[in-house]
Amino acid sequence: MPTVRRFRITINGKVYEVEAEELGEGTSEPSRVVAAPVTASAPPVAPKAQQGSVSGAAQVEAPLPGLVLDVKVDAGQTVDAGQVLVILEAMKMENEIVAPDNGVVSAVRVSKGDNVSAGDVLVVLE
Amino acid sequence: MDKKEELKRRQADIEAMGGPSRVERQHQMGKWSARERIQYLLDANTFEEIGAHVTHRGTRFGMDAVQAPADGVVTGFGRIEGRPVYIFAQDFTVLGGSLGEMHAAKIQRVQDLALKSGVPIIGLNDSGGARIQEGVDALNGYGEIFKRNTWASGVIPQITVIMGPSAGGAVYSPALTDVIIMVRHTAQMFITGPQVIQAVTGETVSAEDLGGADTHLKRSGVAHLAVDSDAEALDGVRRVLSFLPQNWMEEPPVVKSRDPLERIDETLARVVPDDANKPYDVAGIIGSILDEGDFFPLQKGYADNLVVGLGRIGGHPVGIVANQPRVLAGTLDINASDKLARFVRFADAFNIPIVTLVDTPGYLPGTSQEYGGIIRHGAKVLYAYAEATVPKVTLILRKAYGGAYLAMCSRSLGADLVLAWPTAEIAVMGPDGAANIIFRREIEGSDNPAETKAAKAEEYRQQFANPYVAAGHGYIDAVIEPEKTRGHLAQALMALYNKQDHRPKRHHGNIPV
């Protein structure tokens, strides 16, 4: 039975959450390692999105009115809690809008250069 | 019967609480019994129970036949880290921990003793609510408790742990205390429960979604701490009390710290990005300043654009207030204002100096903020800082613009010392906004307005986006090297510990609640 163990590793000050799968004896294959940088104790930027809806989908909304500077994810992509989804320029700040939870991006509702109002849905997670 | 035997028999009945099967059910729900909680919380063998033999006086609805050991609440006093505390723990195994006349009287009794003695009081709540059979006497019991909570406010620390249901009027005693800790999945607080809400408004919501620990930590701001078990909740009580004095007349406890005060942290010189539009995590700065990087945040998850919590510098407790640039750009909004004002008043009540770390572009603009009353909520920030008489040290990290500069414990509001990093920008507004107003005609009349605007903004930035104009006018006492921040703050606090400050005599201020 392969067992998956999770580790938190800090490299050059960046925290990575790593899953390591133990493949057992008789195999020379290296353990599969999936690494994605996470920002330690990232507070969710969009508290509304956290509540989730009945279907289990979470809508990540713009917490501030602003300009979409960059979209960091595509539909279908798997994201970890705390991963940056969108950079939203507002209040003269490049705000990182992060995933409130682990999930899969089911829809990206904005693109680079869009102006959004507070409460507009940016990304839908499942 | 032998008199000694009778005492033993009675004690055994009282200590058995609702009986083995009910205690077992309590365990199955993931909860400890009232006595197990007290035993875990207090120093070993220090609990002295009072009122164990108190019993209810109900006669209606068959109550005359009902035995209720200790009337469903264990009360008394003991020690935590050697310091006395009063405690009451509601016992869900006896009549569901319901609050009747005598149950309430027992709580009032420890409240009275704690207040007179200047000793903290801890309430462990696990109660189905008012004991309906006792009617208006139960209601009166709540009222008498609320009154004592209010009288004790700011005199002795009052700490509440919600470890089971707390519904209806029962929520208001906790709400009047200083700190509320909630246990996930077993604790719920609400004024009206899911059934009533379903019947009246048609909304369907689970008890946990409506009033669970995470709801109150992240959404309503009612809870200060959410934890996963009874043990963790009680550890939280000990941790909170470690920062607090016994009462408002005493200084908070000082511990030995091996972390050198003059510790230099090179990373602080790089933490604020050169680009003023880039966010960063203020938690790193807080950790660097405090002894052993040990920070105890309160209300983490609620209004995270502002961080509040407790730590120590040189072994002395300090309250930390900090803007968080990575959430909502570090703006002050309604919820952050409430969070800040409540924390500053808590720290001030218990002689805990306040260190404020400033990096905010201002109050959050928007109709929802204006309609929601940001004027009266934001005013609480000014009120709390200006009212506080504890040592107040402010450190401006980067942006300090306009009204928010004033609000974040500026010299004008009564900061004792204001320090700034070389990256500080103190101005009426940000460079772009200022250029737009001051140089509007030149920008509009220009062949290339965008370029002119950028040039003028840069000109403004050169002139005003630094700490030296404010320092030149005496609003900043010192511009410090970031890597030496801890040493400078420690020196400042040391020079302020004996500070005496007084406000005019009055009934009480009229904070815009």
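Reading guide: rules and limits
Residues numbered from 1 in each chain as written. Chains lettered and ligands numbered in written order. Predicted model: local features only at pLDDT ≥ 70, side-chain atom pairs only at ≥ 80, totals over all residues. Heavy atoms only, no water. Helix = DSSP H or I, 4+ residues; strand = E, 2+ residues; numbered from the N terminus. Buried < 20%, exposed > 50% of the residue type's maximum accessible area, 1.4 Å probe, protein only. Axes fitted to C-alpha atoms, helices over the stretch in contact; angles between N-to-C directions. Parallel < 35°, antiparallel > 145°, perpendicular 65-115°, else oblique. Left-handed = near helix turned anticlockwise from the far one by under 90°. Contact = heavy atoms within 4.5 Å. Nonpolar A, V, L, I, M, F, W, Y, C, P; charged D, E, K, R; others polar. Core = buried A, V, L, I, M, F, W, Y, C linked by side-chain atoms within 4.5 Å. Domains from an automatic or database assignment. pLDDT = per-residue confidence, 0-100. Salt bridge = Lys/Arg side-chain N within 4 Å of Asp/Glu carboxyl O.

This part covers unusual backbone geometry. The backbone of Lys92(A) sits at a positive phi, close to 55°, despite the residue not being glycine. Checked against the element boundaries, Lys92(A) lands in the loop between β7 (84-90) and β8 (93-98). Its relative accessible area of 47% is what places Lys92(A) among the partly exposed residues. With a phi close to 45°, Ala303(B) is a non-glycine residue in the positive phi region. Relative to the elements of secondary structure, Ala303(B) occurs in the loop between β10 (296-298) and β11 (306-313). When its relative accessible area of 12% is taken as the criterion, Ala303(B) is described as buried.

Residues and elements named next belong to chain B. Interaxial distance between helix α4 (residues 101-117) and helix α5 (residues 135-152) falls to 8 Å at its minimum, and their mutual angle equals 15°. Relative to α5, α4 is oriented roughly parallel. The hand of the α4/α5 crossing is left-handed. Only Asp-137, Ala-138, Gly-141, Glu-144, Ile-145, Arg-148, Asn-149, Trp-151 and Ala-152 of α5 make contact with α4, whose side of the interface consists of Glu-101, Ala-104, Ile-107, Gln-108, Gln-111, Asp-112 and Leu-115. Considered class by class, the residues forming the contact of α4 with α5 number 7 nonpolar, 4 polar and 5 charged.

Attention now goes to the nonpolar core. Residue and element names in this part refer to chain B. Among the nonpolar cores identified, the biggest contains 76 residues, and Ile-122, Leu-124, Val-321, Tyr-385 and Ile-396 are the most heavily contacted of them. A total of 7 residues in this core trace back to one element, the largest contributor, which is helix α13 (residues 334-349). Residues lining this core come from more than one domain, with at least three contributed by each of domain 1 (3-243) and domain 2 (268-430 + 465-494). Once residues within four sequence positions are removed from consideration, Ile-122 is found in contact with Leu-41, Ile-80, Val-85, Tyr-86, Ile-87, Phe-88, Ile-159, Val-237 and Leu-241. In this structure, Tyr-280, Phe-295, Ile-313 and Leu-419 belong to the second largest nonpolar core, which totals 27 residues.

The next thing to look at is the confidence of the model for chain A. Put simply, chain A has an average pLDDT of 74, and 64% of its residues get 70 or more. Segment residues 25-55 of chain A is flagged for pLDDT under 50; beyond a separation of four residues in sequence, or across chains, it makes 55 contacts in the model.

Bringing the pattern of salt bridges into the picture now. Residues and elements named next belong to chain B. Under the defined criterion, the tally for this structure stands at 36 salt bridges over all chains. Taking the shortest distance from any N to any O, the salt bridge between Arg-398 and Asp-359 comes out at 3.0 Å. You can see Arg-398 sitting in strand β14 (residues 392-401) and its partner Asp-359 sitting in strand β13 (residues 354-360), a full 39 residues away along the chain. Asp-359 matches Arg-398 in its accessibility class, with the two residues each being buried. When the shortest N-O distance is used, the salt bridge between Glu-459 and Lys-456 registers 3.4 Å. With a gap of 3 residues between them, Glu-459 and Lys-456 both fall in helix α19 (residues 449-464), about one helical turn apart. Through salt bridges that share partners, Lys-31, Arg-37, Asp-126 and Asp-230 make up one connected network.

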